[in-house]
Amino acid sequence: MSTADLRDHAARSPRRPVLGSLWASFDEERIEDAPGPRRLDALLVAAGWVGAIVETIFRPDVVWRPVALVAALVAIGALPWRRVHGLAVTVVAFGTMTLGTALSASAEEPFGLYACVLLLLVPYALLRWSSGRHAAIGLGVCVASWVVSVLADPTSVGDAIGGFAFLLLPAAVGALVRARRTVQSEQQRRAQLAERERLARELHDTVAHHMSAVAVQAQAGRTLAATRPQAAVDALAVIEEAASRSLDDLRDMVRSLRSEDASVDAPLTPSAGLAQLDDLTASAPTGVRIEVEVRGPRDAVPDRVGGALHRVAQESVTNAIRHAHRVRRISIDVSIEAPRSSDGEGAPRVVMTVVDDGTGIDPGRRASPGFGIVGMTERAELLGGTLEAGPTATGGWSVRCVLPLGGGR
């Protein structure tokens, strides 16, 4: 089925109903990299405990002071683990407060301390980090706690609805933040997949041509070796088989690197290299000067490494021209280094630095979220190198890419 057929099928297909979307949210997995207790959490708990103790001593209308204080200390003390154990913290915090509210239902004043307002962090963390099932159960615990508090201390309908909204507002914010981060992660994943596809195409363009030539030469050698010794025929047969097998393996690698859902088609032209870095000067707009300097033997740089460097330089120049404020000069410095020790040890590498003299982001242009740095980093890591990008001391931007000349991964 072609892409056009898929789009036509999607246009005719009914959209997922609301209940289906809710069920999909219910099946969401817990965020794996949820952070545990932090130093700020310790300060938060300490401030909450101090506030609860002071409130218990000086507030005149506190109901069941020892019980209220213990309940507040337990509930607030569980907050540091709200991101990694959202459901358990919800049950402990809101369950403790609900139990105290139920036992003090006959009192004239409502149970609880004002310091327990910190518990509003729990619904937020529940929807932000926990799985869909735990989030649903935890929200049920929160709603049950609200119901018990309303029954124990009857208020007006408006106050009850306001309290309910005040309780669920952090949960809604947590759900929105999680949805936004999920979209960003998906966009980043697609950018990485698109970069992998471009790299696969460039690897094919760089290597497949040479391997095809080897296979053709081997076939021709077998034809001309009729009057030659049998050893030459056998050698040519081995060359042909090895070349054909290498070509098949290369194509398998390219297919494995490509992605079925990558939305960006890779260009069919061969990849550029160090020889084409000087061509970037032609892309500079009026008033911007691009300087290129390459030190070291260019022929020592493999085609795949040169293509990656050209891609990084091109992306860096594009970013500087689009986003840098008052940029006048962009320098591209490439250093091809020999083994980095006197005894010849250490793999040779190539270091490229792209620096502009801008003064921050151009305020007259609205910066849209992109994934250029993500793609450049992915390309460098796939070749066994590293990439660092960040602002300079003078306000410009610097990109430093280090790639090994020995092949990488």
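Residues numbered from 1 in each chain as written. Predicted model: local features only at pLDDT ≥ 70, side-chain atom pairs only at ≥ 80, totals over all residues. Heavy atoms only, no water.

Some words on the overall build of the protein
When helices and strands are tallied, the protein shows 11 helices and 5 strands. Sorting the 409 residues of the protein into buried and exposed places 35% on the buried side. Taking all contacts inside the protein whose residues are at least 6 apart in sequence as the whole, residues at least 24 apart take part in 75%. Element-wise, carbon and sulfur atoms account for 60% of the exposed surface of the protein, whose accessible area totals about 23800 Å². (Helix = DSSP H or I, 4+ residues; strand = E, 2+ residues; numbered from the N terminus. Buried < 20%, exposed > 50% of the residue type's maximum accessible area, 1.4 Å probe, protein only. Contact = heavy atoms within 4.5 Å. Areas by Shrake-Rupley, 256 points an atom, 1.4 Å probe, with all protein chains shown as cover.)

Focus on the packing of aromatic side chains
Considering all chains together, one arrives at 1 aromatic pair under this definition. Relative to Phe 164, the ring of Trp 146 lies with its centre 4.8 Å away and its plane at 55 degrees, an arrangement referred to as tilted. Remark: Phe 164 occurs in helix 8 (residues 157-224) and Trp 146 occurs in helix 7 (residues 132-152); sequence separation between them is 18 residues. Overall, the relative accessible area of 27% leaves Phe 164 in the partly exposed class. For the cation-ring pair, Arg 59 lies above Tyr 114, with the distance from its terminal atom to the ring centre recorded as 4.0 Å. A cation sits over an aromatic face here: Arg 128 above Trp 129, 3.9 Å from the ring centre. (Phe/Tyr/Trp six-rings, centres within 6.5 Å; stacked < 30°, edge-to-face > 60°. Lys NZ or Arg CZ within 6 Å of the ring centre and 35° of its normal.)

Digging into helix 5 (residues 86-103)
The terminal C-alpha atoms of helix 5 lie 25 Å apart, and with 18 residues this matches the ideal 26 Å at 1.5 Å per residue to within 8%. Along helix 5, the residues classified as buried are Gly 86, Leu 87, Val 89, Thr 90, Ala 93, Phe 94, Met 97, Thr 98, Gly 100 and Thr 101. (Expected span 1.5 Å × (residues − 1).)

Comments concerning the pairing of strand 1 (residues 289-295)
As paired strands, strand 1 and strand 2 (residues 329-337) are joined by 7 bridges and run parallel to one another. Residue pairing in the sheet places Glu 293 in a bridge with Asp 333 of strand 2. Where the polypeptide runs from strand 1 across helix 10 (residues 303-323) and back to strand 2, its parallel neighbour, the crossover connection is left-handed. (Pairing = 2+ DSSP bridges. Right-handed = clockwise from strand over helix to strand, strands pointing away.)

A word on the sheet that holds strand 2
Read from one edge of the open sheet, 5 strands run 1-2-3-5-4, paired in mixed fashion. What marks the edges here is a single partner per strand, and that holds for strand 1 and strand 4 (386-391). Within the sheet, the average angular offset between the axes of one strand and its neighbour, ignoring direction, is 10 degrees. (Axes fitted to C-alpha atoms, helices over the stretch in contact; angles between N-to-C directions.)

Focus: a nonpolar patch on the surface
Residues Val 50, Ile 53, Val 54, Ile 57 and Phe 58 make up a contiguous nonpolar surface patch of roughly 510 Å² in combined accessible area. Locating Ile 57 in the fold gives a position in helix 3 (residues 39-58). For Ile 57, a relative accessible area of 58% puts it in the exposed group. (Patch = residues over 30% accessible without salt bridge, like charges linked within 9 Å, V, L, I, M, F, W, Y side chains within 5 Å. Salt bridge = Lys/Arg side-chain N within 4 Å of Asp/Glu carboxyl O.)

Considerations on the pattern of salt bridges
In this structure the tally under the stated criterion is 11 salt bridges. Notably, a salt bridge pairs Arg 83 with Asp 41, separated by 2.4 Å at the nearest N-O pair. With Arg 83 in the loop between helix 4 (65-77) and helix 5 and Asp 41 in helix 3, this pair connects stretches of sequence that are 42 residues apart. Exposure class is identical for Arg 83 and Asp 41. Each is buried. Among the salt bridges present, the one from Arg 189 reaches Glu 186, with a minimum N-O distance of 2.7 Å. Residue Arg 189 and its partner Glu 186 are both found in helix 8; the two are separated by 3 residues, about one turn of the helix. Among the charged side chains, a salt-bridge network with shared partners connects Asp 41, Arg 82 and Arg 83.

Concerning the pairing of strand 2
Strand direction decides the pairing type here: strand 2 and strand 3 (residues 349-356), joined by 8 bridges, are antiparallel. If you follow Ser 335 over to strand 3, its bridge partner there is Val 351.

Let's talk about the environment of Leu 79
With respect to the secondary-structure elements, Leu 79 resides in the loop between helix 4 and helix 5. On the basis of relative accessibility, which here comes to 0%, the residue Leu 79 falls in the buried class. Sequence separation between Leu 79 and Ala 125 is 46 residues; the distance between their C-alpha atoms is 9.7 Å. Once residues within four sequence positions are removed from consideration, Leu 79 is found in contact with Leu 44, Leu 118, Leu 119 and Val 122.

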